[in-house]
Amino acid sequence: QVQLVESGGGSVQPGGSLRLSCVASGRSMNSHEMSWHRQVPGKEREFVARISWDDAFAEYRDSVKGRFIMFRDSGKNTAYLQLNRVVPEDTGLYYCAIRLRGSSIYDYWGQGTQVTVSS
């Protein structure tokens, strides 16, 4: 019903920048919360950022505050995560998700895009 496709991952040096994209199809992302999460082998998936259904606010995990920015382009039905001043701990498989209005869970997930931060 809803398909999310992430892109933009790759290798980047510490201190560098990267922009991830998440394109939604099958349903407009308008009026729904979009979020980003990441996972490394052997660890649980962790929340990174989210933007409210009405774009009133964005929320980030403490370790990325001031470095990452999440935003969306409703016309392109695309959510973005701008990673700035990356550190090795930012390495992981980044997933986007959509939480439908009224839902208490992340209803749909993409397949992920890999980000690797290394010298």
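Notes on the structure in this doc start here. (Residues numbered from 1 in each chain as written. Predicted model: local features only at pLDDT ≥ 70, side-chain atom pairs only at ≥ 80, totals over all residues. Heavy atoms only, no water.)

### Considerations on the sheet that holds strand β1 (residues 3-7)
An order of β1-β3-β8-β7 is seen for the four strands of this open sheet, with the pairing classed as antiparallel. Two strands close off the open sheet at either side, each with one partner strand: β1 and β7 (68-73). Averaged over all neighbouring strand pairs, the angle between strand axes comes to 15 degrees, with direction disregarded. Summarising the sheet, β7 and strand β8 (residues 78-83) pair through six bridges and their orientation is antiparallel. (Pairing = 2+ DSSP bridges. Helix = DSSP H or I, 4+ residues; strand = E, 2+ residues; numbered from the N terminus. Axes fitted to C-alpha atoms, helices over the stretch in contact; angles between N-to-C directions.)

### Brief notes about unusual backbone geometry
Here the phi dihedral of Asp55 falls at roughly 60 degrees; this positive angle occurs in a residue that is not glycine. Even without being glycine, Arg85 reaches a positive phi, approximately 50 degrees. Mapped onto the elements of the fold, Arg85 is located in the loop between β8 and β9 (92-99).

### Remarks on the nonpolar core
Counting 27 residues, the largest nonpolar core has Met34, Trp36, Met70, Leu81, Leu83 and Tyr94 as the members making the most contacts within it. If you list the elements that add at least two residues to this core, you get β3 (18-25), β4 (33-39), β5 (46-51), β7, β8, β9 and β11 (113-117). Top element by residues in this core is β3. It accounts for four residues. Excluding residues within four positions of it along the chain, Met34 makes contact with Leu4, Cys22, Met29, Ala49, Arg50, Ile51, Met70, Arg72, Ala79, Ala97 and Ile98. (Core = buried A, V, L, I, M, F, W, Y, C linked by side-chain atoms within 4.5 Å. Buried < 20%, exposed > 50% of the residue type's maximum accessible area, 1.4 Å probe, protein only. Contact = heavy atoms within 4.5 Å.)

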